[in-house]
Amino acid sequence: MKLVVLGSSSSGNCYVLDAGDEALILEAGIRLNEVKKVLGFNIRKVVGCLITHQHGDHAKYIKGMVEMGFTTLALPEVWTAKEVWGSRSVAIAPGKGYKLGNFKIIPFPAFHDVPCVGYMINHPQSGNIMFLTDSYVCEYKFRNLNHVLIECNYADNALYQAIREGRTLPSQRERLLTSHMELETCKEYLKSSDLSQVKNIVLLHLSKDNGDEPLFVSEIERATGKEVYAGKRGLTVNLDRI
Ligand SMILES: [Zn+2]
Ligand SMILES: [Zn+2]
């Protein structure tokens, strides 16, 4: 199983989980042409698309996904906000199980400033993949994780510095506290999780102004002893099961 990152920031999020003969798209915040390119224009192998929430950087192209015939999973609030309806638009309920090709999917509640979910994704090639972005906290612990894709948006130190230097408005901190995941929160969550079977950790949605990519990667590596990547455009990671 190959993870391809097409974008992982407030300027657009999209990931492809490519199992060779089938693929699952995560998020629709990147132009569909770029998604098709990554799939080698073989869109028939796409079994579906998962959307976490309605913000444009995650759902701007949701209508296009549905129009391409991809079964797309999103909260009812997302479908209402985007005014997309039809048999390919599946209104999900957190905690319920869904199957797209050989991918088994369970959405779980995330904590953002609009309704949001994370997804537990299982595929025979990769095992269990946790996918959580745009959530200032994770209240759930999962067992038997093989790969963790988790937001690590900002560091409070970097945020304070950006505010002092006038690059970020002070009000932004108030918003971030209850919408995006801070480095220490991410670290503590991972440290308190059972990572015994985890091979890769991919940090998502790093902030350009309030983040520090090398620092985040090294801090999480140090805290977990795992292979850690910063999710950014062009990154590919092998998510085969160990
Ligand atoms: Zn976002
Ligand atoms: Zn968001």
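The preceding data block contains the structure.
Worth saying up front: this structure is predicted, and the values here are computed from it rather than measured.

(A) The arrangement of the environment of H53 in detail. Structurally, H53 is set in the loop between strand 4 (46–50) and helix 2 (56–59). Taking relative accessible area as the criterion, H53 reaches 0% and is therefore assigned buried. With 14 residues separating them along the chain, H53 and E67 place their C-alpha atoms 19 Å apart. If we skip the residues at most four places from it in the chain, H53 touches H58, A59, V78, H112, V114, P115, C116 and D134. Of the polar contacts made by the side chain of H53, one reaches the side chain of T52; its length is 2.8 Å. Of note is the side chain of H53, whose polar atom sits 3.3 Å from the side chain of H112.

(B) Representation of the nonpolar core within the structure. Ranked by size, the top nonpolar core spans 51 residues in total, and within it L17, L24 and I121 carry the most contacts. Look past the residues within four positions of L17 in its chain and what remains in contact with it is M1, K2, L3, E22, A23, L24, L26, F103, I121, I129 and L239. Judged by nonpolar contacts, the second largest core, of 29 residues, contains F108, L132, M181 and L206.

(C) Summary view of the coordination of the zinc ion (ligand 1). The coordination sphere of the zinc ion (ligand 1) contains the protein donors D57 (OD), H58 (NE2), D134 (OD) and H205 (NE2), at a distance range of 2.2 Å. Sequence spacing among the residues donating to the zinc ion (ligand 1) works out to D-H-x75-D-x70-H. A separation of 3.4 Å is found between the zinc ion (ligand 1) and the zinc ion (ligand 2), both of which receive a donor from D134. Residue D57 is located in helix 2, and its partner D134 is located in the loop between strand 10 (127–132) and strand 11 (147–151); the two are separated by 77 residues in the primary sequence.

(D) Representation of the sheet that holds strand 5 (residues 72–74) in the model. Reading across from one edge, 6-5-4-3-2-1-14 is the order of the seven strands in this open sheet, with mixed pairing throughout. Each edge of the open sheet is held by one strand with a lone partner, namely strand 6 (89–91) and strand 14 (236–238). Adjacent strand axes in the sheet meet at a mean angle of 20° when their direction is disregarded. Here strand 2 (residues 12–18) runs beside strand 3 (residues 23–26); their pairing, made up of four bridges, is antiparallel. Across the sheet, L17 pairs through a bridge with L24, a residue of strand 3.

(E) Just the side chain of S8, in detail. Along the chain, S8 falls in strand 1 (residues 2–9). Taking the relative accessible area as the measure of exposure, S8 reaches 6% and is therefore buried. Setting aside chain neighbours within four positions, we find S8 in contact with N13, Y15, L204, H205, L206, G231 and K232.

(F) Representation of the pairing of strand 9 (residues 117–123) in the model. Within strand 9, six of the seven residues are buried, which leaves the element mostly enclosed by the surrounding structure. Relative to strand 9, strand 8 (residues 103–109) runs antiparallel, the two sharing six bridges. Following the sheet pairing, F108 is matched in strand 9 by G118. Pairing analysis gives five bridges linking strand 9 to strand 10, with the strands arranged antiparallel. When the bridges of strand 10 are listed, H123 appears paired with G127. What sits between the antiparallel neighbours strand 9 and strand 10 is a turn of three residues.

Calculation notes
- Residues numbered from 1 in each chain as written.
- Chains lettered and ligands numbered in written order.
- Predicted model: local features only at pLDDT ≥ 70, side-chain atom pairs only at ≥ 80, totals over all residues.
- Heavy atoms only, no water.
- Helix = DSSP H or I, 4+ residues; strand = E, 2+ residues; numbered from the N terminus.
- Buried < 20%, exposed > 50% of the residue type's maximum accessible area, 1.4 Å probe, protein only.
- Contact = heavy atoms within 4.5 Å.
- Polar contact = N/O pair within 3.5 Å; in protein donor to acceptor, adjacent residues only side chain to side chain.
- Core = buried A, V, L, I, M, F, W, Y, C linked by side-chain atoms within 4.5 Å.
- Donors = N, O, S within 2.8 Å, 3.2 Å for Na, K, Ca; no water.
- Pairing = 2+ DSSP bridges.
- Axes fitted to C-alpha atoms, helices over the stretch in contact; angles between N-to-C directions.

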